[in-house]
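Residue strings, one per chain:
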Amino acid sequence: MIQLALHILDIVENSTRAGAKLVTVDIAEDLQQDLLRIDIEDDGCGMSDEELNRVLDPFYTTKEVRRVGLGLPLLCQAAQQCGGRFDIVSKAGSGTKVHAEFRHGHLDRQPMGDMAGAITALIAGNAAVDFVYRHHNGDQVALIDTREIKKEIEGVPINHPEVLNFIREKIVESLEDIGIKNQ
């Protein structure tokens, strides 16, 4: 994966397959501290201790359609090769929290990529799941919460093409408002 948005997309898809009804993606960029932080939290089925111990093995997966699970191992590797760290906490029945930190200015840090496209794709493919996307740039925050959007659209499906176009545009605009370019 060449963009962090694609890592996020893959991991959040895992959350939806794990039965999550709410997934939060929280990204913080702090240029003064040379830090990029990505936190993904879900209320899905979580993992057993055995699964959690094997989750960073690229040849381990619980998916039946393929024999490798590269999402988490690749994000872990991307963070570590940029002077950062990676952590995952999960408990069966209690959801999962993924945390990755990167040196923001590290030469090998992958670009953030198209977060508007990634979040919109997740909403399009998982209309029954609620998503909260927060992106911090210093003390400024862009926020999209599908629970609030669903209240406003009063029964129109959230994955209706016009609603998805609105969401994508709103994410791009919100990111620009805090000084982040959607790439």
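Treat the numbers as computed from the prediction; the structure is a model and nothing was measured.

Draft legend 1. Examining helix α1 (residues 4-17) more closely. Its 14 residues place the ends of α1 20 Å apart at the C-alpha level, agreeing with the 20 Å of an ideal helix rising 1.5 Å per residue. Within α1, the full set of buried residues consists of L4, A5, H7, I8, D10, I11, V12, S15 and T16. Along its buried surface, α1 packs onto β1 (22-30), β2 (35-42), α3 (71-80), β4 (96-103), α4 (115-125) and β5 (130-137). One or two steps after α1, the chain reaches G19, where phi turns positive at roughly 85 degrees.

Draft legend 2. Spotlight on the pattern of salt bridges. For the structure shown, the criterion picks out 9 salt bridges. Residues R103 and D34 are paired through a salt bridge, measuring 3.2 Å at the closest nitrogen-oxygen approach. Within this pair, whereas R103 is found in strand β4, its partner D34 is found in the loop between β1 and β2, the two being separated by 69 residues in sequence. Since its relative accessible area comes to 27%, D34 is described here as partly exposed. K97 is paired through a salt bridge with E41; the nearest N and O atoms lie 3.9 Å apart. Placement of K97 in strand β4 and of E41 in strand β2 is noted, with a sequence separation of 56 residues between them.

Draft legend 3. Main features of the environment of A5. Along the chain, A5 turns up in helix α1. With relative accessibility at 1%, the residue A5 sits in the buried group. Separated by 108 residues in the primary sequence, A5 and G113 have C-alpha atoms spaced 5.3 Å apart. Once you skip the residues sitting within four places of it in the chain, A5 turns out to touch M112, G113, D114, M115 and A118.

Draft legend 4. Structural detail: the confidence of the model for the protein chain. Considering every residue of the protein chain, the mean pLDDT works out to 92; 92% of them sit at 70 or more. For residues 65-69, every residue scores under 50 in pLDDT, and the model assigns this stretch 12 contacts once sequence neighbours within four places are set aside.

About the cut-offs
- Residues numbered from 1 in each chain as written.
- Predicted model: local features only at pLDDT ≥ 70, side-chain atom pairs only at ≥ 80, totals over all residues.
- Heavy atoms only, no water.
- Helix = DSSP H or I, 4+ residues; strand = E, 2+ residues; numbered from the N terminus.
- Expected span 1.5 Å × (residues − 1).
- Buried < 20%, exposed > 50% of the residue type's maximum accessible area, 1.4 Å probe, protein only.
- Contact = heavy atoms within 4.5 Å.
- Salt bridge = Lys/Arg side-chain N within 4 Å of Asp/Glu carboxyl O.
- pLDDT = per-residue confidence, 0-100.

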